[in-house]
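The primary structure of each chain is shown beneath.
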Amino acid sequence: MKNIQISLTAKNYADALVKLGQDNVISYDDILNNLEIISEICTQSKDLTGVLENPAISDETKFSIIDEVFTKYVNEKIRDFLKILIEKKRFKELEGIVAAYQEELDKINNLQRVEVISAVELDDNSKQRIIEKLQKKLQKNVIAQWQTDEEIIGGLVVKINDDVIDSSLKNKLENLSKNII
């Protein structure tokens, strides 16, 4: 999971997008899909991002670029949202806004994203059992991102937001050596 700093400004803009969904102007999922398309295009074209963030270029020129680049792929309301970001000189907050919106959407849908690190690749049955235990503990539907790291030797490391549950053999050995010394 990509760890993105989310500013208060980004949260406020994400809340405005949630309000669009609540008002049935555009569905929550369509908003997210549109934001992901915009992020992907901006990631692939650093020149585009540079132009849209450049204070020396007029807002009208930027609005034309937004319409030209995104009309084919992005809902009009989301294009209008991008124009507001341009007007308010907040386009550089886009990545944080997308992350904040994803967090809000997860809350709405009762989802929890977790990162699970194991020493070896887990089979589907083991993954399913881990997800079921996490869902029971968290009382939420869990979406897991799976990673392997041989350095943990055995066991699991589960990252949930800022919390880390480290039941790895490496951690247990480190704790044991601290207690012995």
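Whatever comes next refers back to the structure up there.
Conventions adopted
Residues numbered from 1 in each chain as written. Predicted model: local features only at pLDDT ≥ 70, side-chain atom pairs only at ≥ 80, totals over all residues. Heavy atoms only, no water. Axes fitted to C-alpha atoms, helices over the stretch in contact; angles between N-to-C directions. Helix = DSSP H or I, 4+ residues; strand = E, 2+ residues; numbered from the N terminus. Parallel < 35°, antiparallel > 145°, perpendicular 65-115°, else oblique. Left-handed = near helix turned anticlockwise from the far one by under 90°. Contact = heavy atoms within 4.5 Å. Nonpolar A, V, L, I, M, F, W, Y, C, P; charged D, E, K, R; others polar. Pairing = 2+ DSSP bridges. Core = buried A, V, L, I, M, F, W, Y, C linked by side-chain atoms within 4.5 Å. Buried < 20%, exposed > 50% of the residue type's maximum accessible area, 1.4 Å probe, protein only. Phe/Tyr/Trp six-rings, centres within 6.5 Å; stacked < 30°, edge-to-face > 60°. Arc of directions from axis to C-beta. Patch = residues over 30% accessible without salt bridge, like charges linked within 9 Å, V, L, I, M, F, W, Y side chains within 5 Å. Areas by Shrake-Rupley, 256 points an atom, 1.4 Å probe, with all protein chains shown as cover. Salt bridge = Lys/Arg side-chain N within 4 Å of Asp/Glu carboxyl O.

(A) Examining the packing of helix 2 (residues 28–44) against helix 6 (residues 94–108) more closely. For the pair helix 2 and helix 6, the least separation of the axes is 10 Å and the interaxial angle reads 155°. By the angle class used here, helix 2 and helix 6 are roughly antiparallel. Where helix 2 crosses over helix 6, the two elements pack in a sense that is left-handed. The residues of helix 6 that touch helix 2, namely those facing Y28, D29, I31, L32, L35, E36, I38, S39 and C42, are L94, V98, Y101, Q102, L105 and I108. The residue inventory of the contact of helix 2 with helix 6, partitioned by class, reads eleven nonpolar, two polar and two charged.

(B) Region of the structure containing the pairing of strand 4 (residues 163–166). Where strand 3 (residues 156–160) and strand 4 come together, four bridges link them in antiparallel fashion. Bridge pairing in strand 4 places V158 opposite I165. Where strand 3 hands over to strand 4, the hairpin turn is made up of two residues, of which N161 adopts a positive phi near 55°.

(C) Up close: the nonpolar core. Of all hydrophobic cores here, the largest spans 30 residues; its most connected members are F70 and Y101. Those elements that provide at least two residues to this core are helix 1 (8–22), helix 2, helix 3 (46–53), helix 4 (59–70), helix 5 (76–87) and helix 6. Not counting chain neighbours up to four residues away, the residues in contact with F70 comprise I38, I41, C42, L48, R79 and L82.

(D) Structural detail: the packing of aromatic side chains. Within the structure shown, the criterion is met by one aromatic pair. Look at Y13 and F81: their rings are 6.0 Å apart centre to centre, the planes differ by 75°, and that puts the pair in the edge-to-face class. Of this pair, Y13 sits in helix 1 while F81 sits in helix 5, placing them 68 residues apart in sequence. Residue Y13 is classed as buried on the basis of its relative accessible area of 16%.

(E) Looking closely at helix 3. Of the residues making up helix 3, those classed as buried are L48, T49 and L52. Along the axis of helix 3, the buried residues cluster in a sector spanning 95°; they form a single face. Exposed and facing more than 90 degrees away from the buried side of helix 3 are K46 and D47.

(F) Focus on a nonpolar patch on the surface. Taken together, I153, L169, L173, L176 and I180 make up a surface patch of nonpolar side chains, about 490 Å² in accessible area. Within the fold, L169 resides in helix 8 (residues 169–180). On the basis of relative accessibility, which here comes to 38%, the residue L169 falls in the partly exposed class.

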